[in-house]
Amino acid sequence: MTTTAAPPTTTPVVGFDQVTKTYESVRAVDGLSLRLHPGETVALLGPNGAGKSTTLDLLLGLKHPDSGTVGVFGTSPREAIVAGRVGAMLQSGGLMDEVTVAELVKLACSLHPRPYRAADVLARAGITQIADRKVNKLSGGQAQRVRFALATAGDSDLIVLDEPTTGMDVSARQAFWATMREQADQGRTVLFATHYLEEADAIADRVLVLHRGRLLADGTAAEIKARAGARRISFDLEGSIDERALRDLPFLTALDVSGQTVRIQSSDADATVHALYGLGAYPRNLEVAGLGLEQAFVAITEAEEAKQS
């Protein structure tokens, strides 16, 4: 009898298996299981207290799980970091003050097992012009770019970013994400936590939504939006607007009236629009569209809160 060999399995870049982490009475991470794969750009979303920072700390070996296992490239987080396979840009932790930007970047390069040239790292992070400036004289956005330079001082396979563009202006944020796209195109995995949901929508090819330490949703931004179910309806009405009648429309989940413009969220847009005309209203500039990622994120987390209340 001829047997067919099973296809080889690829070791995930990151593997969480039923990971739990508790601080006194607070369970920051609650039975979390997930896999990250090479070349993915993954956004980690969640409200304050969702467990994002603890998840990143566990991934980087800064904290240890109470139960479950965390693997990075098939080894422990510490082993992967010592091997130079992980670069990290964290909100917590300060920068050395009484050194120049160039000195700090050169130090980071010298410590990496697979270093890049310091001049190239400075250029990639857009900080060549401030290379001679003392670190304690930097603006918030400049300090963020220095942290990014330290995270990419060598040829790492996984880059972990915690709120990376906080303090950056629009042009700096655009340049930053262009650089991160290049990193992913070269086969690196990029994992970033952010409060800027428009960044997750535009940049990530996969979105993870955490809530109270548990994984609520995992998919593309389009899949996350579709999961929320509701759609957006916007239109203009002339004359006085009867908000009470609008609130009685079927399948309504949210209503906002601003001047003559009405914005609605509905779980059945067709039925809501049909009922709107049944009121004798004649909406102008009527638009029906899916939720944006931000609205979908709110809808998913609020639905979870309602289940637990």
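Structure report, in brief. (Residues numbered from 1 in each chain as written. Predicted model: local features only at pLDDT ≥ 70, side-chain atom pairs only at ≥ 80, totals over all residues. Heavy atoms only, no water.)

**Here's the deal with the pairing of strand 9 (residues 214-219)**
As a general feature of sheets, a regular strand has side chains that alternate between the two faces.
Now for step 1: For strand 8 (residues 206-211) and strand 9, the ladder comprises five bridges, and the chain directions are antiparallel. Residue Val209 lies in a different strand from strand 9, and its bridge partner there is Ala217.
Now for step 2: Taking the residues that link successive antiparallel strands as the turn, the strand 8-strand 9 hairpin has two residues, and the phi of Arg212 there is positive, at about 50 degrees. (Pairing = 2+ DSSP bridges. Helix = DSSP H or I, 4+ residues; strand = E, 2+ residues; numbered from the N terminus.)

**Notes on the layout of surface pockets**
Now for step 1: Of the pockets and cavities examined, the largest pocket occupies roughly 740 Å³.
Now for step 2: If you go around the largest pocket, you meet 25 residues; those closest to its centre are Ala88, Met89, Ala108, Leu150 and Ala151.
Now for step 3: Those elements giving two or more residues to the lining of the largest pocket turn out to be strand 5 (86-89), helix 3 (101-111) and helix 5 (140-151).
Now for step 4: Looking at the lining of the largest pocket, its residues break down into 17 nonpolar, seven polar and one charged.
Now for step 5: The space that makes up the second largest pocket amounts to roughly 210 Å³.
Now for step 6: Lining the second largest pocket we find 13 residues, and of these Arg232, Ile233, Arg263, Ile264 and Gln265 sit closest to its centre.
Now for step 7: For the lining of the second largest pocket, the secondary-structure elements that each account for two or more residues are strand 10 (231-236), strand 11 (252-258), strand 12 (261-266) and strand 13 (284-290).
Now for step 8: Here the lining of the second largest pocket is built from residues that sort into six nonpolar, three polar and four charged. (1 Å grid on protein atoms, 1.4 Å probe; cavity = no way out; pocket = protein on both sides within 12 Å on 5 of 7 lines; lining within 4 Å. Points joined across faces, edges and corners; volume = space filled by probe spheres on them. Nonpolar A, V, L, I, M, F, W, Y, C, P; charged D, E, K, R; others polar.)

**Regarding the sheet that holds strand 10**
Now for step 1: Ordered in space as 11-12-10-13, the four strands form an open sheet in which the pairing is antiparallel. Both outer strands of the open sheet, strand 11 and strand 13, are each paired with one neighbouring strand and no more. Ignoring which end each strand starts from, the neighbouring axes of this sheet average 15 degrees apart.
Now for step 2: Taken together, the six bridges between strand 11 and strand 12 define a ladder with antiparallel strand orientation. Considered in strand 12, the bridge of Leu252 is made with Ser266.
Now for step 3: The strands touched by helix 10 (residues 269-278) are strand 10, strand 12 and strand 13; relative to strand 10, the strand with the most contacts, the crossing angle is about 25 degrees. (Axes fitted to C-alpha atoms, helices over the stretch in contact; angles between N-to-C directions. Contact = heavy atoms within 4.5 Å.)

**Topic: the sheet that holds strand 2 (residues 26-36)**
Now for step 1: Strands sit in the order 2-1-4 across an open sheet of three strands; the sheet is antiparallel. Edge positions in the sheet fall to strand 2 and strand 4 (67-72), since each has one partner strand and no second. Taking each pair of neighbouring strands and ignoring which way they run, the sheet shows an average axis angle of 25 degrees.
Now for step 2: Here strand 1 (residues 14-23) pairs with strand 4 via five bridges, running antiparallel. If you follow Phe16 over to strand 4, its bridge partner there is Val70.
Now for step 3: Contacts from helix 1 (residues 52-59) reach strand 1, strand 2 and strand 4, with the element oriented near 120 degrees to strand 1.

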